[in-house]
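Working through the structure, step by step
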Amino acid sequence: MMNESRAEFEDFLERYVDNVSQGMRDRWALYRPDTYNHEGSDAIAGLVARQATLAIEFAQNPGMWNGNLAPLVLRAMTDTHITLAWILKSPIDRGREYIKYGLGQEKLQIELLENEEENIPDEEKHPALSELIEHRRRWLNSQLQEWAIDVNLGSWSGKSTRDMAMEAECESLYKFAYMPFSGAAHSMWQHVGIYNVERCKRALHKGHRIPQILSFSPDIDYLYRSSKYVSRTYSALSSELGLQVETILPVEFFLQERDRLNDAGNVG
């Protein structure tokens, strides 16, 4: 029976991953990008693929479905959704700024690597570093000539994530997912104090805290949350770009399988 449940659960995950992949492919097949001002469609393509990839890799790694690790992926998914939802309101202009900022950050990183290389004694230099710098510079120049790229040290959008979320009608996602998950992403006390320390049990030590390394069993509720976030992204694409697809959303697929998941959800 255990083997049957395990096989059933693995079958669900495989079909769920196929659903996420198909949802992205269906929407992209219907989208008609502007080939002359393509920064908007480039940004949309990258971000929707990023969201789908995060959802898929999270689903394929049940060991991450716990309160310690899952927020790292879920925070990235909420961030990706807010960014994409905001860009969709004005794809060409906002997509261009998004890409320009990223290229500026890559230019800055290359310069930092070059400065580091110059300060390393010749006998300690590793050829792989020079190869890495050259590889990254080739990619950068394939996007835009390096001399034309500005480095912006502020926010790429000129707004806070909260402001972007409000303008993209994602305020609840920001308040109840992005913000709580940020505690884990930045290793803040509201996360560390729960998952990484415990009170010392020695009476004379006055309740100070000591480090702890916990082990966790997977909780499928985290996969449910991931399915909601990738579904929000797909819905935003369909709504803003006028796309009609037949493939059901990942969250709908998840809920349709709920009874089967209750039988197979406790993976060990």
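Residues numbered from 1 in each chain as written. Predicted model: local features only at pLDDT ≥ 70, side-chain atom pairs only at ≥ 80, totals over all residues. Heavy atoms only, no water.

**Quick word on the overall build of the chain**
Put simply, the test is: Secondary structure is summarised from DSSP: a helix means a run of H or I of at least four residues, a strand means a run of E of at least two, and numbering begins at the N terminus for each. To sort residues, take the accessible area from a 1.4 Å probe on protein chains only and compare it with the maximum for the residue type: under 20% means buried, over 50% means exposed, and anything in between is partly exposed. Between two residues, a contact is recorded if the distance between any of their heavy atoms is within 4.5 Å. To measure how exposed things are, a 1.4 Å probe is used in the Shrake-Rupley method; for residues, cover is taken only from the protein chains shown.
What the chain contains, in helices and strands, is 11 helices and 2 strands. For the chain, the N- to C-terminal ordering of α and β elements is α-α-α-α-α-α-α-α-β-β-α-α-α. Seen along its three principal axes, the alpha-carbon backbone of the chain occupies a region of about 60 × 60 × 40 Å. Relative to its 268 residues, the chain shows a buried fraction of 40%. For the chain, the proportion of contacts with a sequence separation of at least 24, taken over those separated by at least 6, is 73%. A total of about 15700 Å² of accessible surface is found on the chain, and carbon and sulfur atoms cover 50% of it.

**Quick look at the nonpolar core**
Formally: Residue types Ala, Val, Leu, Ile, Met, Phe, Trp, Tyr and Cys, when buried and joined through side-chain atoms within 4.5 Å, form a set referred to as a nonpolar core.
Grouped together as the largest cluster of nonpolar side chains are 50 residues, with contacts concentrated most on Phe12, Tyr16, Val20, Trp65, Met77, Ile82 and Leu223. When residues of this core are traced back to their parent elements, those giving at least two are α1 (2-30), α2 (39-59), α3 (70-88), α6 (161-167), α7 (171-185), α9 (221-241) and α10 (250-256). Apart from the residues lying within four places of it in its own chain, the contact partners of Val20 are Ala52, Ala55, Ile56, Val230, Tyr234 and Pro250. By size, the runner-up hydrophobic cluster in this structure holds 7 residues, among which are Ile110, Leu113, Ile133 and Ile149.

**With respect to the side chain of Glu146**
Position of Glu146 relative to the elements: it lies in the loop between α5 (127-143) and α6. Note on Glu146: relative accessible area 14%, which makes it buried. For Glu146, the contacting residues outside a window of four places in its chain are Lys107, Arg137, Leu140 and Asn141.

**Describing the pattern of salt bridges**
Let me state the cut-off plainly: Between Lys or Arg on one side and Asp or Glu on the other, a salt bridge is scored when a side-chain nitrogen of the former is within 4 Å of a carboxyl oxygen of the latter.
Applying the stated rule across the entire model yields 17 salt bridges. Here Lys89 ties to Glu240 by a salt bridge, and the two come within 2.8 Å at their closest N and O atoms. Within this pair, whereas Lys89 is found in the loop between α3 and α4 (91-119), its partner Glu240 is found in helix α9, the two being separated by 151 residues in sequence. Lys89 sits in the partly exposed class, given a relative accessible area of 35%. Here Arg94 and Glu167 are joined by a salt bridge, their closest N and O atoms 3.9 Å apart. Separated by 73 residues along the polypeptide, Arg94 in helix α4 and Glu167 in helix α6 bring together distant segments of the chain. For Glu167, a relative accessible area of 37% gives the class partly exposed.

**As for the packing of aromatic side chains**
The test is simple: Within 6.5 Å between ring centres, the rings of Phe, Tyr and Trp (the latter by its six-membered ring) count as paired, and their orientation is classed by plane angle as stacked under 30 degrees, edge-to-face over 60, tilted in between. Note on geometry: a ring has a charge over it if NZ (lysine) or CZ (arginine) is within 6 Å of the ring centre and within 35 degrees of the ring normal.
As enumerated under the stated definition, the model contains 14 aromatic pairs in all. Look at Tyr16 and Phe253: their rings are 6.4 Å apart centre to centre, the planes differ by 45 degrees, and that puts the pair in the tilted class. Of this pair, Tyr16 sits in helix α1 while Phe253 sits in helix α10, and the two are 237 residues apart along the sequence. Of the two residues examined, Tyr16 and Phe253, each falls in the buried class. Here the aromatic residues Phe9, Phe12, Tyr16, Phe58, Trp65, Tyr224, Phe253 and Phe254 are joined through ring pairs into a cluster of three or more. For the cation-ring pair, Arg94 lies above Trp86, with the distance from its terminal atom to the ring centre recorded as 3.8 Å.

**Here's the deal with α5**
For clarity, the threshold we go by: For a helix, the expected span equals 1.5 Å multiplied by the number of residues minus one. It is the directions from the helix axis to the C-beta atoms whose arc is reported.
Counted at 1.5 Å a residue, the expected span for α5 with its 17 residues is 24 Å, and the 25 Å between its end C-alpha atoms agrees. Residues of α5 that are buried include every one of Leu129, Ile133, Arg137 and Leu140, and no others. Along the axis of α5, the buried positions cluster into a sector of 65 degrees, meaning they face one direction only. Facing away from the buried side of α5, by more than 90 degrees, are the exposed residues Pro127, Glu131, Arg138 and Ser142. Turning to α5, the residues buried within the fold contact α4.

**Structural notes on unusual backbone geometry**
At Glu169, a position not held by glycine, the phi torsion is positive, near 60 degrees. Positionally, Glu169 belongs in the loop between α6 and α7.

**Describing the confidence of the model for the chain**
Quick note on the threshold: The predictor reports its confidence for every residue as pLDDT, a score running from 0 up to 100.
Mean pLDDT for the chain: 91, with 94% of residues reaching 70 or above. Across the chain, element-level confidence peaks in α3 with a mean pLDDT of 98 and bottoms out in helix α11 (residues 258-264) with 64.

**Observations regarding the packing of α2 against α4**
Angle between the axes and distance between the axes: these two values describe a pair of packed helices. For clarity, the cut-off: Here an angle of 0 to 180 degrees is reported between the N-to-C directions of two axes, which are lines fitted to C-alpha atoms, with helices fitted over the stretch in contact. For classification, angles of less than 35 degrees are called roughly parallel, those exceeding 145 degrees roughly antiparallel, those between 65 and 115 degrees roughly perpendicular, and all remaining angles oblique. A clockwise turn of the near helix away from the far one marks a right-handed crossing, whereas an anticlockwise turn of less than a right angle marks a left-handed crossing. Just so you know the grouping, Ala, Val, Leu, Ile, Met, Phe, Trp, Tyr, Cys and Pro go in nonpolar, Asp, Glu, Lys and Arg go in charged, and all remaining residues, Gly too, go in polar.
In the contact formed by α2 and α4, the axes pass within 7 Å of each other and the chain directions differ by 65 degrees. For the element pair α2 / α4, the angle class is roughly perpendicular. Taken as a pair, α2 and α4 cross one another with a handedness that is left-handed. Between α2 and α4, the contacting residues are Glu39, Gly40, Asp42, Ala43, Ile44 and Leu47 on the first element and Pro91, Ile92, Gly95, Arg96, Tyr98 and Ile99 on the second. For the contact of α2 with α4, the class distribution of residues is 7 nonpolar, 2 polar and 3 charged.

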